[in-house]
Amino acid sequence: MKNQWEHAVGLFGLVLLMIGSYQGLFVAPPDRFMGDVMRIMYVHVPTAWVTLLVFTMVFFVSIAWLIRGTWRWDALQESGTEVGVVLGCLLLCQGSIWARPTWGVWWDWDPRLTTTAVLVLAFGAILALRTFIDDPKRRATLTAVASIVAYVDVPIVYFSVRWWRSLHQVQSSPNTVDGSMVTPLRINAFAMLFIAIWFIARRYRIARQRLAEEMKELEAA
Amino acid sequence: MKRNKLWAIGALFVSGSALAYIAVGDLGENLVYYWSPTEMVAAKQKAVGATIRLGGLVEPGSLVPTGHTLNFRVTDGTTTVPVTTQEVPPQMFREGIGVVVEGTVDGAGQFTSKRMMVKHDNEYRAPTDGSTPSNAAMFGTMDEG
């Protein structure tokens, strides 16, 4: 099997996700007020971390493209953005499912939720932008610039709960989470990270192949 | 690739200054997700009539359900505002917890809520026998950013 390293990473991530979710669902205790609803935290928080991490990677590969002009950075920009947007959509759905029984509403325009929605929409727009530009170099440069500008929202999402009043709670720390709940959270965080790496690597290969095809067509023309 | 480096510097400059503006600027002053009872009472007529959000703690002992109406008081420790609602409260709703209520306030200072939200803090704890939530944890839900 070719490209075994990424499949190994992905499968490892899936196994971790099963272990972490099993612990989260069956081993860890329920929350004293929220009961079993809080168990969604074991996927929601890791998804949030990995989403912000993936967009951080997009930020750096965008800078790398602008400085180096090597195609691998553009392909990583494309694959990272796509995986990040999918994760971001998952994040919003998970949060919404948790919010209805806890807050009483599916959605509200609080700073954390609004800035996260903006983040997903901004990078979704960058994906759309990619499809509008035919010239590969122009496309890579413009989407890299757009990604660097859109990335400004990532620290805003992270600090939104500290800077402004919000409905969303501030970040938890091991001090505010029972020890029995920390372990499944950590396992799932690594699980999501490995799965994201797997997806990005797979998507990267598609992006490289498409780029190669485009180059061939451009040369033939 | 020289032009691209200029693009990189330009983009970094734009996002950096936007972040600085939002982080240190006074955006929070104009963009308030909810008002505290003290702020709402201080705003007087400015608060009356418009749909606003009020955030605070459900004052212990203030909860009075009568028929389909729920009356309680929201407090920030200094000022207390009476709230009435016909909405079904979220299951987490209880005395002492942080809430954000959306609705209107009348000239007499009576708040009518059409949408109620319960604020959960960042604590996740296993239940213990006969444990009661501490007051400090409750106030934690209303930490200001």
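Here, every reference points to the structure presented above.
Starting afresh in each chain, residues are numbered from 1 along the sequence in its written order. Chain labels run from A onward and ligand labels from 1 onward, assigned in the order the entries are written. With pLDDT at 70 or above as the cut-off, local features in this predicted model cover only qualifying residues; side-chain atom pairs require 80 or more to be listed or tallied, and sums for whole chains, interfaces and linings still use all residues. Heavy atoms from the whole structure form the basis of all side-chain values; hydrogens and water molecules are not counted.

Visitor: Lay out the overall build of chain B in plain terms, naming residues and giving numbers.
Guide: Of the regular secondary structure elements, chain B holds four helices and six strands. Every helix listed is a DSSP run of H or I at least four residues long, and every strand listed is a run of E at least two residues long, numbered separately from the N terminus. Listing each helix as α and each strand as β along chain B from the N terminus yields α-α-α-β-β-β-β-β-β-α. Here the term buried applies to any residue with accessible area under 20% of the maximum for its type, exposed to any over 50%, and partly exposed to those in between, with areas from a 1.4 Å probe on protein chains only. For chain B, the residues scored as buried account for 40% of the 145 residues in total. Look at the contacts in chain B between residues 6 or more apart in sequence, and 50% of them connect residues 24 or more apart. Contacts were defined at the residue level, with two residues in contact if any of their heavy atoms lie within 4.5 Å.

Visitor: Could you give me a rundown of the packing of aromatic side chains, with the residues and numbers involved?
Guide: Residue and element names in this part refer to chain A. Only Phe, Tyr and Trp rings are paired, with Trp represented by its six-membered ring, and only when their centres lie within 6.5 Å; those with planes under 30 degrees apart are stacked, over 60 edge-to-face, the remainder tilted. Applying the stated criterion to the full structure yields 15 aromatic pairs over all chains. With a centroid separation of 5.2 Å and 45 degrees between ring planes, the pair formed by Tyr22 and Phe26 is classed as tilted. One end of the pair is Tyr22 and the other is Phe26, both in helix 1 (residues 4-27) and four residues apart, which spans about a single turn. Taking the centre distance of 4.4 Å and the plane angle of 20 degrees together, the rings of Phe59 and Tyr151 count as stacked. One end of the pair, Phe59, is in helix 2 (residues 41-68); the other, Tyr151, is in the loop between helix 5 (136-150) and helix 6 (153-163), with 92 residues separating them in the sequence. We note that Phe59, like Tyr151, is buried.

Visitor: Requested: an account of unusual backbone geometry, with residues and values cited.
Guide: Of note in this structure, B:Lys44 is not a glycine but carries a positive phi near 50 degrees. Along the chain, B:Lys44 falls in the loop between helix 3 (37-43) and strand 1 (52-58).

Visitor: Describe the interface of chain B and chain A, and please don't skip the residues or the numbers.
Guide: Across the contact, 46 residues belong to chain B and 50 residues belong to chain A. The quantity reported as buried area is the accessible area (1.4 Å probe) lost by two parts once they are put together, taken as the sum for both. In total, chain B and chain A occlude about 4,200 Å² of area from one another, counting both sides; carbon and sulfur atoms represent 63% of this. The term salt bridge refers to a pairing of a side-chain nitrogen on Lys or Arg with a carboxyl oxygen on Asp or Glu at a separation within 4 Å. In this structure, the connection of chain B to chain A is made through five salt bridges. Among the salt bridges present, the one from B:Glu123 reaches A:Arg32, with a minimum N-O distance of 3.7 Å. In protein, a polar contact requires one atom able to donate a hydrogen and another able to accept it; more generally it is a pair of N or O atoms within 3.5 Å, and residues adjacent in sequence count only if both atoms are side-chain atoms. Where chain B meets chain A, there are 17 residue pairs in polar contact (both at pLDDT 80 or more). Put simply, the parts of the chain that give the side of chain B that touches chain A at least two residues each are helix 1 (2-24), helix 2 (27-30), strand 5 (98-105), strand 6 (111-119) and helix 4 (135-140) of chain B. A per-element tally of the side of chain B that touches chain A places helix 1 of chain B first, with twelve residues. Taken together, the residues of the side of chain B that touches chain A break down into 27 nonpolar, eight polar and eleven charged. Note on residue categories: nonpolar means Ala, Val, Leu, Ile, Met, Phe, Trp, Tyr, Cys or Pro, charged means Asp, Glu, Lys or Arg, and polar means any other residue, Gly included.

Visitor: I'd love a proper account of the environment of A:Leu25, names of residues and values included.
Guide: Take A:Leu25: it is sitting in helix 1. Taking C-alpha positions, A:Leu25 is 28 Å from A:Val120, a pair spaced 95 residues apart along the chain.

Visitor: So, the side chain of A:Thr115: which residues are in play, and what are the values?
Guide: All names here are of chain A. Within the fold, Thr115 resides in helix 4 (residues 111-132). A distance of 2.7 Å separates the side chain of Thr115 from the backbone oxygen of Pro111, its partner in a polar contact. Residues in contact with Thr115, not counting those within four places in the same chain, are Asp153, Ile156, Val157 and Ser160.

Visitor: Give a description of helix 1 of chain B that names residues and reports values.
Guide: With 23 residues, helix 1 of chain B ought to run about 33 Å at 1.5 Å a step, and its terminal C-alpha atoms sit 33 Å apart, in line with that. Restricting attention to buried positions, one finds in helix 1 of chain B the residues B:Asn4, B:Ala8, B:Ala11, B:Ser15 and B:Ile22. To estimate how far a helix should extend, the number of its residues minus one is multiplied by 1.5 Å.

Visitor: Any chance you could break down the packing of helix 4 of chain A against helix 6 of chain A for me, citing the residues and the numbers?
Guide: The description of two helices packed together rests on the angle between their axes and the distance between the axes. All names here are of chain A. To obtain an axis, a line is fitted to C-alpha atoms, over the contacting stretch when the element is a helix, and the angle between two such axes runs from 0 to 180 degrees between their N-to-C directions. At a minimum axis separation of 8 Å, helix 4 and helix 6 run at an interaxial angle of 165 degrees. By the angle class used here, helix 4 and helix 6 are roughly antiparallel. The interaxial crossing formed by helix 4 with helix 6 has left-handed handedness. Between helix 4 and helix 6, the contacting residues are Pro111, Arg112, Thr115, Thr116, Val118 and Leu119 on the first element and Asp153, Val154, Ile156, Val157, Tyr158, Ser160 and Val161 on the second. The residue makeup of the contact of helix 4 with helix 6, split by class, is eight nonpolar, three polar and two charged. By definition in this entry, angles of less than 35 degrees are roughly parallel, angles greater than 145 are roughly antiparallel, angles of 65 to 115 are roughly perpendicular, and the rest are oblique. Crossings are assigned a handedness: left-handed for a near helix turned anticlockwise from the far helix by less than a right angle, right-handed for a clockwise turn.

Visitor: Any chance you could break down the pairing of strand 4 (residues 80-85) of chain B for me, citing the residues and the numbers?
Guide: Residues and elements named next belong to chain B. Any two strands between which DSSP finds at least two bridges are classified as paired. Note that strand 3 (residues 69-75) and strand 4 share six bridges and pair antiparallel. In the sheet register, Thr75 faces strand 4, and the bridge partner there is Thr80. The loop that links strand 3 with its antiparallel partner strand 4 comprises four residues; one of these, Gly77, has a positive phi angle of about 95 degrees. Here strand 4 runs beside strand 6; their pairing, made up of three bridges, is parallel. Within the sheet, the bridge partner assigned to Thr84 lies in strand 6 and is Thr112.

Just geometry here; none of it tells us what the structure is for.
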